[in-house]
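Descriptive structure summary
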Amino acid sequence: MRYYPESLLKLLTELQKLPGIGPKTAQRLAFHLLREPAEDVRRLGDAIARIHDTITHCEICGAITDVAQNPCYICVSPQRDRTQLCLVQRPDDIAIFEKTGAFNGVYHVLGGLLSALNNVRPEDLRVIELHERLEAGGIEEIIFALNPSVEGSATVTFVTRELRPYSLKLTQVAYGIPLGSDLDYVDEMTLSRALEGRNVLA
Ligand SMILES: [Zn+2]
């Protein structure tokens, strides 16, 4: 690849660090950017460069939100049902529910799944924050929407044990939803069915 200028090679290297971007796609993107007006490319670069300054995690649920909107719009919305709390692994999972409008409760991001392999321990999960919300009262049901993997099951077992002191209804969405993976689209019907068909854990 020595026939590319040094700065283009640098861009290709950075692009290839992104998920799903191989050498060919990186090349296509880089040349596309070169053809675009400098102003447009600068705007894109600026949006990327400032992402950590403009986006943060909601202090209540852990969703991603604008720094200027914290707590997030879901946590402050008077329209949401605060008796139902959906427990998800990652902030991206919230988008799946929100895109379809199938759920009108509130969320809590755990931030991971227990895994000896990946060295994710109980203290790495946002469990203290969950206790704080439960102690504040109002929540009647916790809906587990975690990946149906070995790690997901271990996490459900662990969190269920943590929740013993509270009198809560614990449920789990029906499997078949590819949570925690790169999904472009889960239709409302599928998600509604998974929520309606949720299993009662306790
Ligand atoms: Zn929130």
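About the criteria used
Residues numbered from 1 in each chain as written. Predicted model: local features only at pLDDT ≥ 70, side-chain atom pairs only at ≥ 80, totals over all residues. Heavy atoms only, no water. Helix = DSSP H or I, 4+ residues; strand = E, 2+ residues; numbered from the N terminus. Buried < 20%, exposed > 50% of the residue type's maximum accessible area, 1.4 Å probe, protein only. Lys, Arg positive; Asp, Glu negative; His and termini not counted. Salt bridge = Lys/Arg side-chain N within 4 Å of Asp/Glu carboxyl O. Polar contact = N/O pair within 3.5 Å; in protein donor to acceptor, adjacent residues only side chain to side chain. Contact = heavy atoms within 4.5 Å. pLDDT = per-residue confidence, 0-100. Pairing = 2+ DSSP bridges. Axes fitted to C-alpha atoms, helices over the stretch in contact; angles between N-to-C directions. Expected span 1.5 Å × (residues − 1). Phe/Tyr/Trp six-rings, centres within 6.5 Å; stacked < 30°, edge-to-face > 60°.

Quick notes on the side chain of R126
- When you line up the elements, R126 lands in the loop between strand 4 (106–109) and helix 7 (127–136).
- One buried charged residue, R126, remains without a salt bridge, the closest side chain of opposite sign being E129 at 4.1 Å.
- Engagement of the side chain of R126 in a polar contact is seen with the backbone oxygen of V109, the distance being 2.7 Å.
- Every residue in contact with R126, bar those within four places of it in the chain, is listed here: C58, E59, I60, C61, G62, H108, V109 and L110.

Quick word on the confidence of the model for the protein chain
- Of all residues in the protein chain, 93% have pLDDT values of 70 or greater, and the mean over the chain is 90.
- Here helix 9 (residues 188–196) stands out as the least confident element of the protein chain, with mean pLDDT 79; strand 4 is the most confident, with 97.

Comments concerning the sheet that holds strand 4
- With respect to topology, 5 strands assemble into an open sheet ordered 4-3-5-6-7, the strand pairing being mixed. The open sheet is flanked by strand 4 and strand 7 (199–200), the only strands paired with a single partner.
- Pairing between strand 3 (residues 84–88) and strand 4: 4 bridges, direction parallel. Note that in strand 4 the partner of C86 across the bridge is Y107.
- Each of strand 3, strand 5 (141–144) and strand 6 (169–172) is contacted by helix 8 (residues 150–162), which is oriented at about 165° to strand 5, the strand it contacts most.

Things to note about helix 8
- A rise of 1.5 Å per residue sets the reference length of helix 8, with its 13 residues, at 18 Å; its end C-alpha atoms lie 19 Å apart and thus fit the reference within 8%.
- Those residues of helix 8 that sit buried are G152, T155, V156, F158 and V159.
- On the buried face of helix 8, the contacting elements are strand 3, helix 7, strand 5 and strand 6.

Side note on the packing of aromatic side chains
- Applying the stated criterion across every chain yields a total of 5 aromatic pairs.
- Considering the side-chain rings of Y4 and F31, the 5.9 Å spacing of their centres and the 55° angle between planes classify their relative orientation as tilted. Note that Y4 is positioned in the segment before helix 1 (6–15) and F31 in helix 2 (residues 23–35), a separation of 27 residues in sequence.
- For F31, a relative accessible area of 33% corresponds to the partly exposed category.
- Three or more aromatic residues joined by ring pairs make a cluster, and in this case those are Y3, Y4 and F31.

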